[in-house]
Amino acid sequence: MEQVVGPKSSGGKAYDQSFAREVYQKVDSGEEIKMCMQCGVCAGSCPLKEKMDYSPRKIFTLIRAGQREKVLSSQAIMLCTSCYSCKVRCPRKVPVVDVMHGLAHYALRQGYKPREETALFGQKFWDNIYRLGRIDEKDVAQRYFLGHGLGPGIKLMLENMNMGLGMMRKKRMKLLPERPIKNVKSLRKMLDKAKALGKGGAV
Ligand code: SF4
Ligand code: SF4
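Below: a short report on this structure. Just so it is clear, the structure is predicted and the values come from calculations on it, not from any experiment.

## As for unusual backbone geometry
- One non-glycine residue, Ser29, lies in positive phi territory at about 65°.
- Phi is positive for Lys93, which is not a glycine, with a value near 60°.
- Relative to the helices and strands, Lys93 is located in the loop between helix H6 (85-89) and helix H7 (96-109).
- Taking relative accessible area as the criterion, Lys93 reaches 68% and is therefore assigned exposed.

Structural data, given as C-alpha cells:
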C-alpha cells in the first residue's frame, strides 16, 4: 500500500493514497478532484452545508487523506441536490456537483446506504419527476412528510410551514398543483433506461 507523508501542518502524518487512486479511476468525474486547491468556496456556497456531515471541500480532503469509510458512508454525498452553486463558483472549475453524485453512485454500488429519511426523500423526488416530468415542491414535501406516518407527518408539515409560505412569497412554489409536461411518456422511457443502467431511481 503506497503511503506518502503529509505536509508539516499535518504533523508529518502518513497519507494512504490508495483511496484517492480508487476515486480517480472508478468514480465518475473523480479525477477532477486533482484540480481542487482547498479554497472552500464550494463549502461556503452550498445551501445544505448545515445539514451535511462534511462539506464538499472536506470530502475532497478526506479522499486525499485516504479516509474511505468516512467518505463513502458520508450523508453529504447523498444529500447534494444539484443546485450547481458550487460548480459555477469554483475558481478551478471543479465540477463539484458531478463528483458528489459520482461518489454517491459509487458508494451505493459498494453497498453503502443513505439514511432512511434521505432514501425516503429520494424516493418521493424520483416519483414526482417520473409522474410529472418536473418537480412540484409542495407535492414532494407533503408525500415526504406523510411518509413518516400521519401524526409525525402533520407535525413535520407544521414545523416547515413558514418555509413553504416563504417559498410561495418568493414564487419558488405554486399554490396550485403542477401539471405534467408534454411528452412525459418519452421522459419516463429515458428514466427507465437510466434506472436500468444504475444511473437513476430512488434507493
Ligand atoms: S471551490 Fe473548487 S477549488 Fe475551492 S475547495 Fe471547492 S472544489 Fe476545491
Ligand atoms: S450542487 Fe450539491 S454540493 Fe454543490 S452547492 Fe449544491 S447542494 Fe451543495
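Now that the structure is up, let's keep going.
## Describing the nonpolar core
- Judged by nonpolar contacts, the single largest core of 32 residues is most densely connected at Ile59, Phe60, Ile63, Ile77 and Leu103.
- Going through the elements one at a time, helix H1 (18-26), helix H3 (56-64), helix H4 (68-72), helix H5 (76-79) and H7 are the ones with two or more residues in this core.
- Sort the elements by how many residues they give to this core and H7 lands first, with 8 residues.
- Every residue in contact with Ile59, bar those within four places of it in the chain, is listed here: Tyr54, Val71, Ser74, Ala76, Ile77 and Leu103.

## A look at the packing of aromatic side chains
- Summed over the entire model, instances satisfying the criterion amount to 3 aromatic pairs.
- Taken together, the ring pairs connect Phe121, Phe125, Tyr144 and Phe145 into an aromatic cluster.
- The ring of Tyr24 is capped by Lys34, whose NZ or CZ atom sits 4.7 Å from the centre of that ring.

## Some remarks on the environment of Tyr84
- Mapping Tyr84 onto the fold places it in the loop between H5 and H6.
- For Tyr84, a relative accessible area of 38% translates into the label partly exposed.
- For Tyr84, the contacting residues outside a window of four places in its chain are Val97 and Asp98.

## Brief notes about the site of ligand 1
- Among the 14 residues in the neighbourhood of ligand 1, the closest are listed as Cys36, Cys39, Gly40, Cys42 and Cys90.
- Breaking the shell around ligand 1 down by element, the ones donating at least two residues are helix H2 (41-45) and H3.
- Of the residues assigned to the shell around ligand 1, the class counts are 10 nonpolar, 2 polar and 2 charged.

## Examining H3
- Within H3, the full set of buried residues consists of Pro56, Ile59, Phe60, Leu62 and Ile63. For H3, the buried positions fall inside an angular range of 160° around the axis, keeping them on one side.
- Those residues of H3 that are buried lie in contact with H1, H2, H4, H5 and H7.
- Of the residues flanking the end of H3, it is Gly66, one or two places downstream, whose phi is positive at about 75°.

What counts as what
- Residues numbered from 1 in each chain as written.
- Chains lettered and ligands numbered in written order.
- Predicted model: local features only at pLDDT ≥ 70, side-chain atom pairs only at ≥ 80, totals over all residues.
- Heavy atoms only, no water.
- Helix = DSSP H or I, 4+ residues; strand = E, 2+ residues; numbered from the N terminus.
- Buried < 20%, exposed > 50% of the residue type's maximum accessible area, 1.4 Å probe, protein only.
- Core = buried A, V, L, I, M, F, W, Y, C linked by side-chain atoms within 4.5 Å.
- Contact = heavy atoms within 4.5 Å.
- Phe/Tyr/Trp six-rings, centres within 6.5 Å; stacked < 30°, edge-to-face > 60°.
- Lys NZ or Arg CZ within 6 Å of the ring centre and 35° of its normal.
- Near = heavy atom within 4 Å.
- Nonpolar A, V, L, I, M, F, W, Y, C, P; charged D, E, K, R; others polar.
- Arc of directions from axis to C-beta.

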